[in-house]
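# Tertiary structure, described
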Amino acid sequence: MSLSIESVNKNFGGWTKHYSHHSETLNCDMRFAIYLPPQTAKGQKVPVVYFLSGLTCTDENFMQKAGAQRVAAELGVAIVACDTSPRGTDVADADTYDLGKGAGFYVNAAQAPWNRHYQMYDYVLNELPQLIEAMFPVTDQRSIFGHSMGGHGALVLALHNPERYKSVSAFSPISNPTNCPWGQKAFAAYLGEDRKTWAEYDASLLMRKALGAVPALVDQGDADDFLEEQLKPQTLEAAAKESGYPLTFHQREGYDHSYYFISSFIEEHLRFHADHLHP
């Protein structure tokens, strides 16, 4: 497990670091960011919250814009933010922002040419935490959250793997991707036309039949331009009510889809995760 460090910045007594490494799962080089709180400098191992970003983002957006490090330093949790897709000159891409590089949708692609690299589900679930837990002073206690496309990914990963995560949360998640243009476009390309395979990556459908439960928190702004056509949070709320899933849902008046929204409620999300990581 070889890492190359790209940048280091000290903040709130801890360190924000960006690394690159070769991913066997994705068959390319990848980047991730990690915030190590000050407790790690004293020899303490800390739990990890994984953040999955949305369309067009990289490992840098959340670390620079969310304002999460101050709270993570107080709570004694590490934060890991990965890239949103494979990268490289030989990685398949598309001419639109919602497919290809920057738009991996956290699925395991089954269709060529995407299947050679686009295995983001397995990367986030297995390879990345194995790397983090081997190379950094962290425990194997994990939570996961994300924004938009990343909110979709976080919910799907937690719903499929409740034994792996202590909690899950999302800002403005794509809640019902089998029934929105972003999801339909991505799923048709990455997975093919069999909609049964699409259902395995739809949080609303998975929550309706969930057998194991991970405490979940979702925040959605009611001034979000993507609310009705793309995000469809009402389907997730309905699924939770039907199955009795432990979902706390907040609709936030006047907030949009941006990092202004995320930074406004990031402290609440991190405290939610810390409550479950530090029982």
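Look a little higher up for the structure.
Residues numbered from 1 in each chain as written. Predicted model: local features only at pLDDT ≥ 70, side-chain atom pairs only at ≥ 80, totals over all residues. Heavy atoms only, no water.

## Some points on the pairing of strand β4 (residues 46-52)
The buried fraction of β4 amounts to 7 of the 7 residues, a majority that puts the element mostly inside the structure. Here β4 runs beside strand β6 (residues 138-147); their pairing, made up of 6 bridges, is parallel. Its bridge partner being in β6, tyrosine 50 is matched across the sheet by isoleucine 144. Judged from the 4 bridges that link them, β4 and strand β5 (residues 78-82) form a sheet pairing that is parallel. Bridge pairing in β5 places valine 48 opposite alanine 78. (Buried < 20%, exposed > 50% of the residue type's maximum accessible area, 1.4 Å probe, protein only. Helix = DSSP H or I, 4+ residues; strand = E, 2+ residues; numbered from the N terminus. Pairing = 2+ DSSP bridges.)

## Notes on the packing of aromatic side chains
Following the criterion strictly, the structure yields 18 aromatic pairs and no others. Centroid distance phenylalanine 32 to phenylalanine 136: 6.2 Å. Interplanar angle 90°. Geometry classified as edge-to-face. With phenylalanine 32 in strand β3 (residues 28-36) and phenylalanine 136 in the loop between α3 (120-135) and β6, this pair connects stretches of sequence that are 104 residues apart. Taken as a pair, phenylalanine 32 and phenylalanine 136 share a single burial class, namely buried. (Phe/Tyr/Trp six-rings, centres within 6.5 Å; stacked < 30°, edge-to-face > 60°.)

## Looking at the sheet that holds β6
In spatial order, the strands read β1-β2-β3-β5-β4-β6-β7-β8-β9; together these 9 strands make up an open sheet with mixed pairing. Looking at which strands have only one partner, the edges of the open sheet turn out to be β1 (4-11) and β9 (247-252). Shown here is a sheet whose adjacent strand axes are inclined to one another by a mean of 20°, direction ignored. Each of β4, β6 and β7 (168-171) touches helix α4 (residues 149-160); the most contacted strand, β6, lies at about 135° to it. Packing of helix α9 (residues 233-243) onto the sheet brings it into contact with β8 (216-221) and β9, and relative to β9 it is tilted by some 150°. (Axes fitted to C-alpha atoms, helices over the stretch in contact; angles between N-to-C directions. Contact = heavy atoms within 4.5 Å.)

## Brief notes about a nonpolar patch on the surface
Together, Ile5, Val8 and Trp15 make up a nonpolar patch on the protein surface, roughly 260 Å² of accessible area in all. Mapped onto the elements, valine 8 comes out in strand β1. Residue valine 8 is classed as partly exposed on the basis of its relative accessible area of 40%. (Patch = residues over 30% accessible without salt bridge, like charges linked within 9 Å, V, L, I, M, F, W, Y side chains within 5 Å. Areas by Shrake-Rupley, 256 points an atom, 1.4 Å probe, with all protein chains shown as cover. Salt bridge = Lys/Arg side-chain N within 4 Å of Asp/Glu carboxyl O.)

## Overview of the nonpolar core
Residues Phe32, Phe105, Val124, Ile132, Ile144 and Tyr190 are the most contacted members of the largest nonpolar core, which totals 69 residues. Sort the elements by how many residues they give to this core and α3 lands first, with 8 residues. With residues up to four places along the chain from it excluded, the contact list for tyrosine 190 reads Leu99, Gly100, Ala103, Gly104, Phe105, Val107, Ala109, Ala110, Gln111, Trp114 and Tyr118. In this structure, Val49, Met63, Val77 and Leu270 belong to the second largest nonpolar core, which totals 25 residues. (Core = buried A, V, L, I, M, F, W, Y, C linked by side-chain atoms within 4.5 Å.)

## Observations regarding α3
The sharpest bend along α3 comes to roughly 30°, located at glutamate 127, with the proline proline 129 sitting one to four residues further on. Listed as buried for α3 are Met120, Tyr121, Tyr123, Val124, Leu125, Glu127, Leu128, Pro129, Leu131 and Ile132. Those residues of α3 hidden inside the fold are in contact with β2 (14-23), β3, β4, β5, β6 and α4. (Bend = angle between axes of the 7 residues up to and from the residue.)

## Focus on the packing of α3 against α4
One way to put it is that α3 packs onto α4 with a least axis distance of 11 Å and a crossing angle of 60°. Classified by the interaxial angle, the pair formed by α3 and α4 is oblique. Our pair here, α3 against α4, has a crossing hand that is right-handed. Each of Tyr121, Val124 and Leu125 in α3 lies in contact with α4, whose residues at this interface are Val156, Leu157 and His160. Classifying every residue of the contact of α3 with α4 by side-chain character gives 5 nonpolar, 1 polar and no charged. (Parallel < 35°, antiparallel > 145°, perpendicular 65-115°, else oblique. Left-handed = near helix turned anticlockwise from the far one by under 90°. Nonpolar A, V, L, I, M, F, W, Y, C, P; charged D, E, K, R; others polar.)

## What to know about the side chain of serine 20
Within the fold, serine 20 resides in strand β2. Only 2.7 Å separates the side chain of serine 20 from the side chain of glutamate 6, close enough to count as a polar contact. Those residues in contact with serine 20 that sit more than four places away from it in its chain are Ser2, Leu3, Ser4, Glu6, Met30 and Arg31. (Polar contact = N/O pair within 3.5 Å; in protein donor to acceptor, adjacent residues only side chain to side chain.)

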